[in-house]
Amino acid sequence: MEVLILPSGREVCEQAARIIAHLVGARPGAVLGLATGSTPRPIYAELVRRHRETGLSFRGVTTFNLDEYVGIDATHPCSYRRYMAEAFFDHVDVPAAQVHLPNGMAADIPGECDAYEAAIGAAGGIDLQLLGIGRDGHIGFNEPSSSLGSRTRIKTLSAVTRAANRGCAPAGEELPGHVITMGIGTILEARRCVLVAIGAHKADAVVETVEGPLRAFFPASALQLHPHATLLVDEAAAGRLALRDYYRSVAAAKPAWQRED
Ligand code: F6R
């Protein structure tokens, strides 16, 4: 696993946007796996800026989001379809037909999950999967105890996640308790994973991901199995890493031919 420690959250997001822009520039038909949550918002803002100011085009790109709440539609303030439209899709040139999120309103949820997996396969698999991380170690919405081989399916959110995400719900309304999420097995099949973590409140999750044991109880630790996983973290999120000086020295000594931007 590559760990890149950057001075600030702003630089974490700029680096993530640079990696995505580099991929899309080199491969206009790239398949992107996308994440929501508070952490990636500046990444989308930077990609929108590059689209407007440098002509970066997403016309050939296909996207698959990690997850969506069950039982709400795109008009709901917690909807990830709505989040993605507002943060990214409405501001770039990606055709609507090439955008995919799980449909949390589907009458047949298992059928929807199978169709989502099939659509990822039909697109040729995901070239780059962007990930955030929950304090309980979830990636996508694979909560602790999720099978490390899991595929897209329905999951129940943990109390920790519901508390962290409840901000979008209108006063007096509960956050939906169920989600559809790509599985850990689905995520691990992406050709590259880029996880972003910012802030001291993510430091425990980052150390467990990188230096803790591989275990379903901490789903992000599954990235230890991935051949090309990059963690972009700010100083605060890196604060508990035992080998942080080593990770810094690796980044500083990275051969020019290995750099991707
Ligand atoms: C969202 C997702 C989640 C978030 C995680 C962190 O699509 O997959 O795993 O990345 O809950 O969220 P923030 O960035 O809000 O701390």
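Summary of the structure given here. The structure presented is a predicted model; accordingly, all values stated were derived computationally and were not measured.

A look at the nonpolar core
Leu 47 and Phe 88 are the most contacted members of the largest nonpolar core, which has 79 residues in total. In contact with Leu 47, other than residues within four places in its own chain, are Ala 17, Ile 20, Ala 21, Leu 56, Phe 58 and Phe 88.

Remarks on unusual backbone geometry
Of note in the backbone geometry, Ser 145 takes a positive phi value of approximately 90 degrees without being a glycine. Of note, Ser 145 is situated in the loop between strand 6 (128-131) and strand 7 (153-156).

Some points on helix 3 (residues 80-87)
Within the sequence span of helix 3, burial applies to Tyr 80, Tyr 83, Met 84, Ala 85 and Ala 87. If you follow the buried residues of helix 3, they end up packed against strand 2 (31-34), helix 2 (41-54), strand 3 (62-65), strand 4 (67-69) and helix 5 (159-165). For helix 3, the N-terminal capping position is held by Ser 79, with its side-chain oxygen 3.2 Å away from the main-chain nitrogen of Arg 81.

A closer look at the packing of helix 1 (residues 9-26) against helix 2
Packing of helix 1 against helix 2 brings their axes to within 8 Å, and their N-to-C directions diverge by 50 degrees. Between helix 1 and helix 2, the crossing angle belongs to the class labelled oblique. Seen from above, helix 1 lies across helix 2 with right-handed handedness. Residue-level inspection shows Cys 13, Ala 16, Ala 17, Arg 18, Ile 20 and Ala 21 of helix 1 in contact with helix 2, the latter providing Pro 42, Ile 43, Glu 46, Leu 47 and Arg 50. In terms of residue class, the contact of helix 1 with helix 2 is built from eight nonpolar, no polar and three charged.

Topic: the state of the cysteines
As used here, a disulfide is simply a covalent bond connecting the sulfur atoms of two cysteines. A complete count under the given rule lists one disulfide for this structure. The disulfide bridge from Cys 78 ends at Cys 168, spanning 2.0 Å between sulfur atoms. Because the torsion about its S-S bond is 100 degrees, the bridge between Cys 78 and Cys 168 counts as right-handed. One end of the pair, Cys 78, is in the loop between strand 4 and helix 3; the other, Cys 168, is in the loop between helix 5 and strand 8 (178-181), with 90 residues separating them in the sequence. Residue classification places Cys 78 among the buried residues on the basis of a relative accessible area of 3%. Overall, Cys 168 belongs to the partly exposed group, its relative accessible area being 26%. Counting only cysteine sulfurs, Cys 193 is the nearest neighbor of Cys 13, a cysteine outside any disulfide, at a range of 17 Å.

Brief notes about the packing of aromatic side chains
Within the structure shown, the criterion is met by ten aromatic pairs. Taking the centre distance of 5.2 Å and the plane angle of 85 degrees together, the rings of Phe 58 and Phe 88 count as edge-to-face. Taken together, the residues Phe 58 in the loop between helix 2 and strand 3 and Phe 88 in the loop between helix 3 and strand 5 (99-100) connect sequence positions 30 residues apart. Given the relative accessible area of 1%, Phe 58 is considered buried. Note on Phe 88 and Phe 89: the rings are 5.7 Å apart at their centroids and 45 degrees apart in plane angle, and the pair reads as tilted. Both residues of the pair, Phe 88 and Phe 89, count as buried. Ring-pair connections join several aromatic residues into one group, and the members of that group are Tyr 44, Phe 58, Tyr 69, Tyr 80, Tyr 83, Phe 88, Phe 89 and Phe 141.

A closer look at the site of the ligand
Among the 13 residues in the neighbourhood of the ligand, the closest are listed as Thr 39, Asp 67, His 138, Gly 140 and Lys 202. In this structure, an oxygen atom belonging to the ligand sits 2.7 Å away from a side-chain N or O atom of Lys 202. Against a free-state accessible area of 410 Å², the protein chains account for coverage of 91% of the ligand. Along the lines of polarity and charge, the residues of the shell around the ligand split into three nonpolar, eight polar and two charged.

Things to note about the pattern of salt bridges
For the structure shown, the criterion picks out 17 salt bridges. Put simply, Glu 46, Arg 49, Arg 50 and Glu 53 are held in one network by salt bridges that share partners.

Considering the sheet that holds strand 3
Strand order in this open sheet of seven strands is 1-10-9-6-2-3-5, and the pairing throughout is parallel. Either end of the sheet is taken by a strand with one partner, and the two such strands are strand 1 (2-6) and strand 5. One ladder, built from five bridges, connects strand 1 with strand 10 (residues 229-234); its direction is parallel. The residue of strand 10 that forms the bridge with Glu 2 is Thr 230.

So, the packing of helix 2 against helix 3
Each pair of packed helices gets described by two things: the angle between the helix axes and the distance between those axes. Across the interface, helix 2 lies against helix 3 with an axial gap of 9 Å and an inter-helix angle of 40 degrees. With respect to their mutual orientation, helix 2 and helix 3 come out oblique. Contact residues: Arg 41, Tyr 44 and Val 48 in helix 2; Tyr 83, Met 84 and Ala 87 in helix 3. Across the contact of helix 2 with helix 3, the residue classes break down as five nonpolar, no polar and one charged.

Rules of the game
Residues numbered from 1 in each chain as written. Predicted model: local features only at pLDDT ≥ 70, side-chain atom pairs only at ≥ 80, totals over all residues. Heavy atoms only, no water. Core = buried A, V, L, I, M, F, W, Y, C linked by side-chain atoms within 4.5 Å. Buried < 20%, exposed > 50% of the residue type's maximum accessible area, 1.4 Å probe, protein only. Contact = heavy atoms within 4.5 Å. Helix = DSSP H or I, 4+ residues; strand = E, 2+ residues; numbered from the N terminus. Polar contact = N/O pair within 3.5 Å; in protein donor to acceptor, adjacent residues only side chain to side chain. Axes fitted to C-alpha atoms, helices over the stretch in contact; angles between N-to-C directions. Parallel < 35°, antiparallel > 145°, perpendicular 65-115°, else oblique. Left-handed = near helix turned anticlockwise from the far one by under 90°. Nonpolar A, V, L, I, M, F, W, Y, C, P; charged D, E, K, R; others polar. Disulfide = S-S within 2.5 Å. Phe/Tyr/Trp six-rings, centres within 6.5 Å; stacked < 30°, edge-to-face > 60°. Near = heavy atom within 4 Å. Areas by Shrake-Rupley, 256 points an atom, 1.4 Å probe, with all protein chains shown as cover. Salt bridge = Lys/Arg side-chain N within 4 Å of Asp/Glu carboxyl O. Pairing = 2+ DSSP bridges.

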